[in-house]
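Summary of the model geometry
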Amino acid sequence: MHDQPRQDPAPTPTAAADGSEASDIPIGLFRDCVALRDWLLSEGARLPESGDLLAGMAERLNDLGVPVDRATTAIDALHSDYSGVGRFWTREDGVSFRLFPHGEVTEQALARSPFAHVYATGRWLILDLRETPDDLYSIVPELKGAGYTHYITVPLFFTNGTKNGVTFATRDPRGFGDDDLAILRFIIPTLSAVMEMRGLNARLDHVLRVYVGDGPHQAILAGFIRRGQVERIRSAILFADMRGYTHLTDALAPEASVELLNTYFDCLVPPIESEGGEVLKYMGDGLLAIFRESGDDLGGAAQGALTAAQAALRRVEEANRAGRFPTRIEVGIALHHGEAAYGNVGSGARLDFTVIGRDVNLASRLAKLNKVLSEPLLMSKPFVDFLWGDPELLGTHPLDGIAEEMAIYRPGKGG
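Quick notes on the rules
- Residues numbered from 1 in each chain as written.
- Predicted model: local features only at pLDDT ≥ 70, side-chain atom pairs only at ≥ 80, totals over all residues.
- Heavy atoms only, no water.
- Helix = DSSP H or I, 4+ residues; strand = E, 2+ residues; numbered from the N terminus.
- Areas by Shrake-Rupley, 256 points an atom, 1.4 Å probe, with all protein chains shown as cover.
- Buried < 20%, exposed > 50% of the residue type's maximum accessible area, 1.4 Å probe, protein only.
- Core = buried A, V, L, I, M, F, W, Y, C linked by side-chain atoms within 4.5 Å.
- Contact = heavy atoms within 4.5 Å.
- Axes fitted to C-alpha atoms, helices over the stretch in contact; angles between N-to-C directions.
- Parallel < 35°, antiparallel > 145°, perpendicular 65-115°, else oblique.
- Left-handed = near helix turned anticlockwise from the far one by under 90°.
- Expected span 1.5 Å × (residues − 1).
- Bend = angle between axes of the 7 residues up to and from the residue.
- Salt bridge = Lys/Arg side-chain N within 4 Å of Asp/Glu carboxyl O.
- Phe/Tyr/Trp six-rings, centres within 6.5 Å; stacked < 30°, edge-to-face > 60°.
- Lys NZ or Arg CZ within 6 Å of the ring centre and 35° of its normal.

Going by the annotation in an unreviewed UniProt entry, the name recorded for the protein is Adenylyl cyclase, with Methylobacterium platani given as the source organism.

Side note on the overall build of the protein
A count of helices and strands for the protein gives 13 helices and 15 strands. Total accessible area computed for the protein in this model is approximately 20,700 Å², and 51% of it derives from carbon and sulfur atoms.

What to know about the environment of serine 374
With respect to the helices, strands and loops of the structure, serine 374 is situated in the loop between helix H12 (369-373) and strand E13 (377-380). Residue serine 374 is classed as exposed on the basis of its relative accessible area of 56%. In sequence terms serine 374 and glycine 332 are 42 residues apart; their C-alpha atoms lie 8.8 Å from each other.

Quick notes on the nonpolar core
Of all hydrophobic cores here, the largest spans 40 residues; its most connected members are Leu238, Tyr264, Leu287, Ile329, Ile333, Leu335 and Phe383. The greatest single-element share of this core, amounting to ten residues, is contributed by helix H10 (residues 298-321). Discounting residues that sit within four places of it in the chain, isoleucine 329 has contacts with Met242, Leu248, Leu260, Tyr264, Val316 and Asn320. Within the second largest apolar cluster, 36 residues are counted, among which are Ile25, Leu40, Val66 and Ala71.

A word on the packing of helix H1 (residues 30-46) against helix H2 (residues 50-63)
Direction vectors running N to C along H1 and H2 enclose 160°, while the axes themselves pass 11 Å from each other. Our classification of the angle between H1 and H2 gives roughly antiparallel. Between H1 and H2 the crossing geometry is right-handed. Counting all contacts with H1, which are made through Leu36, Trp39, Leu40 and Gly44, the residues of H2 involved are Asp52, Leu53, Gly56, Met57, Arg60 and Leu61.

As for H1
Helix length check: H1 (17 residues) gives 24 Å between terminal C-alpha atoms against 24 Å at 1.5 Å per residue, within 8%. Along its length, H1 reaches its greatest deviation from straightness, about 40°, at leucine 40. Looking only at H1, the buried set comprises Cys33, Leu36, Trp39, Leu40 and Gly44.

Digging into the pattern of salt bridges
Under the counting rule described, the total for this entry stands at 13 salt bridges. Across the salt bridge formed by arginine 321 and glutamate 317, the nearest N and O atoms sit 3.8 Å from each other. One end of the pair, arginine 321, and the other, glutamate 317, are both in helix H10, four residues apart, so they sit about a helical turn from each other. Judged by relative accessible area, glutamate 317 falls into the partly exposed class, the value being 26%. Glutamate 392 is paired through a salt bridge with arginine 410; the nearest N and O atoms lie 2.9 Å apart. Taken together, the residues glutamate 392 in strand E14 (residues 392-397) and arginine 410 in strand E15 (residues 406-410) connect sequence positions 18 residues apart. The class for glutamate 392 is partly exposed, based on a relative accessible area of 28%. The class for arginine 410 is partly exposed, based on a relative accessible area of 25%. A network of salt bridges, in which partner residues are shared, links Glu317, Arg321, Arg328 and Glu330.

Notes on the side chain of threonine 90
Structurally, threonine 90 can be placed in strand E3 (residues 82-90). The class for threonine 90 is buried, based on a relative accessible area of 13%. In contact with threonine 90, other than residues within four places in its own chain, are Asp69, Arg70 and Tyr148.

Here's the deal with helix H11 (residues 358-367)
Residue pairs spaced three or four apart in an α-helix point in one direction, given the helix's 3.6 residues per turn. Across the ten residues that make up H11, a large majority, seven, are buried. Structurally, H11 contributes buried residues whose contacts are with strand E8 (230-242), strand E11 (331-347), strand E12 (350-356), H12, E13 and E15.

With respect to the packing of aromatic side chains
This model, assessed by the stated rule, comprises five aromatic pairs. Ring centres of tyrosine 264 and phenylalanine 265 lie 5.0 Å apart, and the angle between their planes is 45°; on these two criteria the pair is classed as tilted. Across the pair, phenylalanine 265 and tyrosine 264 agree in class, each one buried. Grouped by ring-pair contacts, the aromatic residues Phe115, Tyr119 and Phe157 constitute a single cluster. Positioned above the aromatic ring of tryptophan 39, the side-chain terminus of arginine 60 is 4.0 Å from the ring centre. Here arginine 171 stacks its cationic end above the ring of tyrosine 148, 4.3 Å away from the centre of that ring.

Pasting the structure below:
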């Protein structure tokens, strides 16, 4: 057995393809290899799922005579929930994937994998598994147990500095020959470029979705980015804030305050999104969400907002009972219905995507009455006009900055 794995004698750096990788391709396969590279750049780049790209490439490599029985990719991800995505293709099972969580578990797994080696050296790693000790890398016993004979790990270094990789394994007793390696070297720079394009698009999509919400992120990607570019929308508007947040957090460390807010928003946001709402703003301990009208179903947005608000309040109460907050918290939610300008405001190159207008202002003023009336959930007259139930009138009340007094409601006992 070899103490050290065999390294590719002349690896081609991912970001430095200069055409020399074509010199060793078998003459009779050159046209087909170019066709595979063209497929990666055209159809492969547009496939809706990255797993389909991996599967399509593996199948085409087999058509060229490269005996790929297993192929995987490990791609860095800029995601709030996980640090990377692993995709797997095998001849018998097709495509699957797994998400690598942030933190020590993923870091330890990487340290025991061939990827740590290729990231450090920048060179391909080629293992004859029949001559590789089981304890060299954690993946080796698994590969041997599945009958694989040769295993290749290739580093993919993207232009943004992230470290990624692709692997190939075969059960062929002959392993990967020189012609197979030449074909792989020829397509890897193109594969890396396509995967980086797809990865950057996914990063942009996710980051926009996380920070501005689903509707705004779609509008921004569609080119809705000029200052003052707005559209009028009719929607149910939801304002929510925590009562006494300043007092509650006065004695908390900043990290504990952040944890409190995250637990609090975990109670509010999922019900909003499950009812089709869009969270547009986090404002300290408050949030602003809208529920757009859909076609002729004018009551759907209001009913969805009410359902979301009631579910959020239940989740807060459950969290209180479970002791998930440092002390008991109370929430005030205000619901209104009306028209708003939805789009870009700001100055210079720094814009914000939000909703503005009289009805938005009215909803925010209504939220201030929650504490005054000791009610967790208040609704305006324009909102309840769209409801199917029978809400309870709490009288008419003045709202700061609003000329007319507004009839205010709370949900009826049966609602």
